[in-house]
Amino acid sequence: MSLPTKKDNQEIAIKELDFDVVNGGVPADFYSSNPCLVGYAYIRFQVSGNIVPCCIAKHPIGDAYKQDWRDIWHSGAYENFRKKMAKIHIDRFHLSDPEWTFCQQCSHFEINSELNATLKIKRD
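Read on for an overview of the structure. Quick caveat: nothing in here was measured; it's all calculated off a predicted structure.

**Re the packing of aromatic side chains**
- Under the counting rule described, the total for this entry stands at four aromatic pairs.
- Linked through ring pairs, Trp73, Tyr78, Phe81, Phe93 and Trp100 together constitute an aromatic cluster.

Encoded structure:
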């Protein structure tokens, strides 16, 4: 497997632009009608051992050196994150709470968009 080339990175940038996501920015109205579901599809292991529920979350929810990742995935901390993010479109906390403004730079917009589209189809 080879490292990504400059051309690969340019193609990724074009893909982001196709989703109206520039430098991680989220279209302003996306979270006005969609919950964040990334907590159900993503977990990030950092070199330090910290586990965070998304790549730009500020606070770790576990430590891979001290806990089994499955225990973290099913933990109260992860569940609380999922519940909070499931209400982002209702509470709009990411616009005013400095602890959550990172959501405005969501790098998982594409995953969220696809999950929301899939779940809406199943709800209809």
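Still to come is the rest of the account.
**Describing empty space enclosed by the protein**
- Using the criterion set out here, one finds one cavity of 30 Å³ or more in the structure.
- In terms of lining residues, the largest cavity is bounded by 14 residues, among which Cys36, Cys54, Phe102, Cys103 and Cys106 are the most central.

**Focus on the pattern of salt bridges**
- Under the criterion given, the structure shown has three salt bridges.
- We note a salt bridge from Arg70 to Asp68, for which the minimum N-O separation is 3.1 Å.
- Looking at Arg70, the relative accessible area reads 47%, which means it is partly exposed.
- Residue class for Asp68 comes out partly exposed when judged on its relative accessible area of 29%.
- In this structure, the salt-bridge partner of Lys87 is Asp91, at a minimum N-O distance of 4.0 Å.
- A residue is classified by how much of its surface remains accessible, and Lys87, at 41% relative accessible area, is partly exposed.

**Details of the nonpolar core**
- Counting 23 residues, the largest nonpolar core has Tyr78, Met85, Ile88 and Trp100 as the members making the most contacts within it.
- The dominant element in this core, judged by the number of residues it contributes, is helix H4 (residues 76–86), at three residues.
- Contact partners of Met85, with chain neighbours within four places excluded, come to Pro35, Cys36, Phe93, Trp100 and Cys103.

**Here we look at H4**
- Among the residues of H4, those classed as buried are Tyr78, Phe81, Arg82 and Met85. For H4, the angular spread of buried residues about the axis comes to 100°, placing them on one side.
- The inward-facing, buried residues of H4 abut strand E2 (50–52), helix H3 (69–73) and helix H5 (88–91).

Calculation criteria
- Residues numbered from 1 in each chain as written.
- Predicted model: local features only at pLDDT ≥ 70, side-chain atom pairs only at ≥ 80, totals over all residues.
- Heavy atoms only, no water.
- Phe/Tyr/Trp six-rings, centres within 6.5 Å; stacked < 30°, edge-to-face > 60°.
- 1 Å grid on protein atoms, 1.4 Å probe; cavity = no way out; pocket = protein on both sides within 12 Å on 5 of 7 lines; lining within 4 Å.
- Points joined across faces, edges and corners; volume = space filled by probe spheres on them.
- Salt bridge = Lys/Arg side-chain N within 4 Å of Asp/Glu carboxyl O.
- Buried < 20%, exposed > 50% of the residue type's maximum accessible area, 1.4 Å probe, protein only.
- Core = buried A, V, L, I, M, F, W, Y, C linked by side-chain atoms within 4.5 Å.
- Helix = DSSP H or I, 4+ residues; strand = E, 2+ residues; numbered from the N terminus.
- Contact = heavy atoms within 4.5 Å.
- Arc of directions from axis to C-beta.

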